[in-house]
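Breakdown of the fold
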Amino acid sequence: MIERPRRLRRTPALRRLVAETRLDPAAFILPMFIKEGISDPVEISSMPGVHQHTRESLRKAAHEAVEAGVGGVILFGIPAHKDERGSAADDPNGVMQVALRDLSADLGDSVVLMTDLCLDEYTSHGHCGLLTPSGEVDNDPTLERYASIAVAQAAAGAQVVAPSGMMDGQVAAIRDALDGAGYHNIPIMAYSAKYASALYGPFRDAAECAPQFGDRAAYQQDPANARESLRETALDLAEGADIVMVKPASLYLDVVRQVKDAVEVPVAAYQVSGEYAMIEAAAANGWIDRDRAIMESLVSIRRAGADLTLTYWATEVARRLR
Ligand code: PBG
C-alpha cells in the first residue's frame, strides 16, 4: 500500500484545516520612523512603501495599523541635530518623546507602544554608544546613557522599551533605571541575539544612522555563531528581560528555533529592512510573486518559533488576514 499524505493537501479548505502554523495580526509589531523637522513624509528609496514620518503622518499610519489589528508598533526617532553623545535621545522634547506623547494620547491601550532604545540614530558618528578617544564603543558609560533614555521614553508614554545596542549589561542597567524611577511595570524587549548583518543597509538609510567609520562587528554578533545567542539570551533573562529577540529573522531561523526551545518568555524575531528590500526588489522586477513571498517569509518565521514578529508589512498583512 502507498502512504498518501497528499490526501490532506487536495483542496484549499483541507490545507487550511490542517495548517500547523497560523499568522495572527495581534502578534505583529510595526516598526515606524519619525523624523524631526520635515513637513511631508519621505519615502525611503531602498524600502518602497516605508516612510520617514512627520508627526501627523505617523499618527495616521499608527491609526491604520491599529485598525488593521496590528498588536504593537515600535518607534525609531531621527533627530534634526546629532552630537557625540546623542543628546536628543533623552531630551524630553526630543523627537521620540514628542511622538510618544502624540501616540499615547491618540491610541491609549489599543496597541502596545514600543520604542527602540539605542544611540545610533542620535549620534553624529552613527555608533550605538559613546566612543573612547581612540574611537571604540565604550560599554559602561554607554549604559548610563541608555538608562537615562529608558526613563525619558517611559515618562513620555513608552509601554515597552527595546534596547538594541548590544552593550554588555544593558538590560540590567535599564531595569534598574526604570525601577528607580517607578516604572516597575514597563517591560523590556531585549534585542538579545542581534547579528552584525548586511541586511540592515536600508534601515540605515531610513534612520540615517550608518556608522561614519568602521562597523558594528565589535558589539553585534558574528553570523558564524549560534550558541553565542543562547549565552546572550540567558544573560538578558538573568538581567530581567521580559521578551527576547532574534534579529535578523529569515537567515537566522535556526537561532530562532534554538532560542525558542531554550527560554520560557515570549520570543520575537525582527524581519529587518534588508529582508523587506530583497523581496520588494525581486517582486518589482517581476522575478518573484510578491504576495506569496511575503506570506511564506512570515509563516516561516513563525514556524521557526517566533511568538512575535517585527515586520514592515505588518499593516498590509494584517489587513489581508482579516
Ligand atoms: C539600532 C537598530 C538597527 C536596526 C534596528 N535597530 C540598525 C543597526 O543595528 O545598524 C535595524 C533594523 C532593520 O534593518 O530593519 N538602533
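I will try to describe carefully the structure that is included in this document. None of the values given here were measured: they were computed from a predicted structure.

Let us look at empty space enclosed by the protein. Overall, the coordinates contain two cavities of 30 Å³ or more when judged by the stated rule. Size it by volume and the largest cavity reaches roughly 90 Å³. Lining the largest cavity, in full, are F76, D116, D120, E121, S164, K194, Y200, F203, R204, R216, Q220 and K247. Of the residues that constitute the lining of the largest cavity, the class distribution is three nonpolar, two polar and seven charged. In this structure, the second largest cavity occupies an estimated 50 Å³ of space. Here the lining of the second largest cavity is composed, by residue class, of three nonpolar, one polar and four charged.

Moving on, we get to the site of the ligand. Around the ligand there are 19 residues in total, and K194, R204, K247, S273 and Y312 lie nearest to it. Between K247 and the ligand, the recorded distance is 3.3 Å, taken from a side-chain N or O atom to a nitrogen atom. Within the backbone of S273, an N or O atom sits 2.7 Å from an oxygen atom of the ligand. The protein chains hide 100% of the 400 Å² of surface that the ligand would expose on its own. When atom positions are compared with the pocket grids, the ligand is found to occupy the largest cavity. Of all elements in the fold, only β7 (189–194) and α6 (201–206) reach the threshold of two or more residues within the shell around the ligand. Residue composition of the shell around the ligand, grouped by class: nine nonpolar, three polar and seven charged.

In this model, K247 is joined to P248 through a cis peptide bond whose omega is -10 degrees. When you line up the elements, P248 lands in the loop between β8 (243–247) and α8 (253–262). One non-glycine residue with positive phi stands out, namely M166, at about 60 degrees. Structurally, M166 is set in the loop between β6 (160–163) and α5 (170–180). Even without a glycine there, the phi angle at E208 is positive, about 50 degrees. Mapping E208 onto the fold places it in the loop between α6 and α7 (227–239).

Taken as a whole and judged by the stated rule, the model has nine aromatic pairs. For the pair Y191 and Y270, a centre-to-centre distance of 6.2 Å together with 45 degrees between the ring planes defines the contact as tilted. Of the two residues, Y191 is situated in strand β7 and Y270 in strand β9 (residues 267–270); the sequence distance between them amounts to 79 residues. Pair check on accessibility: Y191 and Y270 agree, each one buried. With a centroid separation of 4.7 Å and 35 degrees between ring planes, the pair formed by Y276 and W313 is classed as tilted. A residue pair is termed long-range when its members are at least 10 positions apart, and Y276 in helix α9 (residues 273–284) and W313 in the loop between β10 (308–310) and α11 (314–321) qualify at 37 residues.

Each pair of packed helices can be summarised by the angle the axes make with each other and by the distance between the axes. At a closest axis distance of 8 Å, the pairing of helix α2 (residues 55–68) and α11 adopts a crossing angle of 30 degrees. When the axis of α2 is compared with that of α11, the two are roughly parallel. Between α2 and α11 the crossing geometry is left-handed. Across the interface between the two elements, E64, A65 and A68 from α2 touch T315, A318 and R319 from α11. Grouping the amino acids of the contact of α2 with α11 by side-chain chemistry returns three nonpolar, one polar and two charged.

Thresholds, definitions, all that
- Residues numbered from 1 in each chain as written.
- Predicted model: local features only at pLDDT ≥ 70, side-chain atom pairs only at ≥ 80, totals over all residues.
- Heavy atoms only, no water.
- 1 Å grid on protein atoms, 1.4 Å probe; cavity = no way out; pocket = protein on both sides within 12 Å on 5 of 7 lines; lining within 4 Å.
- Points joined across faces, edges and corners; volume = space filled by probe spheres on them.
- Nonpolar A, V, L, I, M, F, W, Y, C, P; charged D, E, K, R; others polar.
- Near = heavy atom within 4 Å.
- Polar contact = N/O pair within 3.5 Å; in protein donor to acceptor, adjacent residues only side chain to side chain.
- Areas by Shrake-Rupley, 256 points an atom, 1.4 Å probe, with all protein chains shown as cover.
- Sits in = over half its atoms within 2 Å of the grid points.
- Helix = DSSP H or I, 4+ residues; strand = E, 2+ residues; numbered from the N terminus.
- Phe/Tyr/Trp six-rings, centres within 6.5 Å; stacked < 30°, edge-to-face > 60°.
- Buried < 20%, exposed > 50% of the residue type's maximum accessible area, 1.4 Å probe, protein only.
- Axes fitted to C-alpha atoms, helices over the stretch in contact; angles between N-to-C directions.
- Parallel < 35°, antiparallel > 145°, perpendicular 65-115°, else oblique.
- Left-handed = near helix turned anticlockwise from the far one by under 90°.
- Contact = heavy atoms within 4.5 Å.

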